[in-house]
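The lines below spell out each chain.
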Amino acid sequence: MRAEFPQAVSWIDQIPLKKWTQAYDGGKRYGHMTTNLVESINSVLKGSRSLPICALVKTIFERTNAWFVEQATKMQCMLRAEHEFPDDIVALLRKNEAQSAMCHVQRYDRENSVFDVQDMLTIEHQRYPITFTVTTFVAPVFSLHNILKAYEVQFNPIRNQDYWSTYMGPNFLPDPIMRRHQPGRPNTQRIRNEMDDSIPNKPKKCSYCRTEGHNKSNCPHKQA
Ligand SMILES: [Zn+2]
């Protein structure tokens, strides 16, 4: 990079390394260690990338709006079904709960930060079961109430062109030399990974309220 593009390198040298490299960020900056967030947005905008620019912008706007309306509806349904957290968090807690069933936990402070954990099989004295609520382990930011807040903002429809203010900027014309001549859609560059595969025999849950036994078309928690 330094040999080929010295200008680019001197620009990026002005930005502290910890702001843009995982190696120097001190660990877990923003908590995003994977591309999962991008994968979510990719699935929302699936198929739109090969559209012409105006259609692309319109599609991103419309799908993002639809996504927000849909997500807010889902969070409300889950809350009406009396769920407190998203079900993948609950599933993780249940799994950890099952694994910890044979452990004895001795608490050492009132703030719940110092513990002595012993395997139940090695304890001879009587056990004192301590029960915690799930809220002790899940940061409030992951509660359905708080997730709903992220999707509560509403988009406004784009008004008819007659209401738009007069455009004063430059006009752009497409360059015919830049046109693609091969027929059909360009090949996708995307690399598939294990996140693209679904888990077989997973019980079906309603996509709105995340409860088994019905689906979103007959969800009792969805109100018109
Ligand atoms: Zn439902």
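Provided above is the structure to which this section pertains.
### Some thoughts on the coordination of the zinc ion
- Surrounding the zinc ion are the protein donor atoms Cys-206 (SG), Cys-209 (SG), His-214 (NE2) and Cys-219 (SG), which sit 2.1 to 2.5 Å from the metal.
- What the 4 donor atoms of the zinc ion show is an angle range of 100 to 119° at the metal, which sorts the shape as tetrahedral.
- Spacing between the donor residues of the zinc ion along the chain follows C-x2-C-x4-H-x4-C. Placement of the pair is Cys-209 in the segment after α5 (144–151) and Cys-219 in the segment after α5, with a sequence separation of 10 residues.

### Describing the packing of aromatic side chains
- Taken as a whole, this structure holds 4 aromatic pairs when the rule is applied.
- Summarising the aromatic geometry, the rings of Trp-67 and Tyr-151 are spaced 6.4 Å apart at their centres and angled 80° between planes, so their arrangement reads as edge-to-face. Of this pair, Trp-67 sits in helix α3 (residues 53–80) while Tyr-151 sits in helix α5; the two residues are 84 residues apart in sequence, bridging distant segments of the chain.
- When its relative accessible area of 26% is taken as the criterion, Trp-67 is described as partly exposed.
- For the pair Phe-68 and Tyr-151, a centre-to-centre distance of 5.1 Å together with 70° between the ring planes defines the contact as edge-to-face. Remark: Tyr-151 occurs in helix α5 and Phe-68 occurs in helix α3; sequence separation between them is 83 residues. Neither residue differs from the other here; Phe-68 and Tyr-151 are each classed as buried.
- Members of the aromatic cluster, connected to one another through ring pairs, are Phe-61, Trp-67, Phe-68, Tyr-151 and Phe-155.
- Taking NZ or CZ as reference, Arg-159 lies 4.3 Å from the ring centre of Tyr-163, over its face.

Conventions adopted
- Residues numbered from 1 in each chain as written.
- Predicted model: local features only at pLDDT ≥ 70, side-chain atom pairs only at ≥ 80, totals over all residues.
- Heavy atoms only, no water.
- Donors = N, O, S within 2.8 Å, 3.2 Å for Na, K, Ca; no water.
- Tetrahedral: all angles 85-135°; square planar, octahedral: opposite > 155°, others 65-115°.
- Helix = DSSP H or I, 4+ residues; strand = E, 2+ residues; numbered from the N terminus.
- Phe/Tyr/Trp six-rings, centres within 6.5 Å; stacked < 30°, edge-to-face > 60°.
- Buried < 20%, exposed > 50% of the residue type's maximum accessible area, 1.4 Å probe, protein only.
- Lys NZ or Arg CZ within 6 Å of the ring centre and 35° of its normal.

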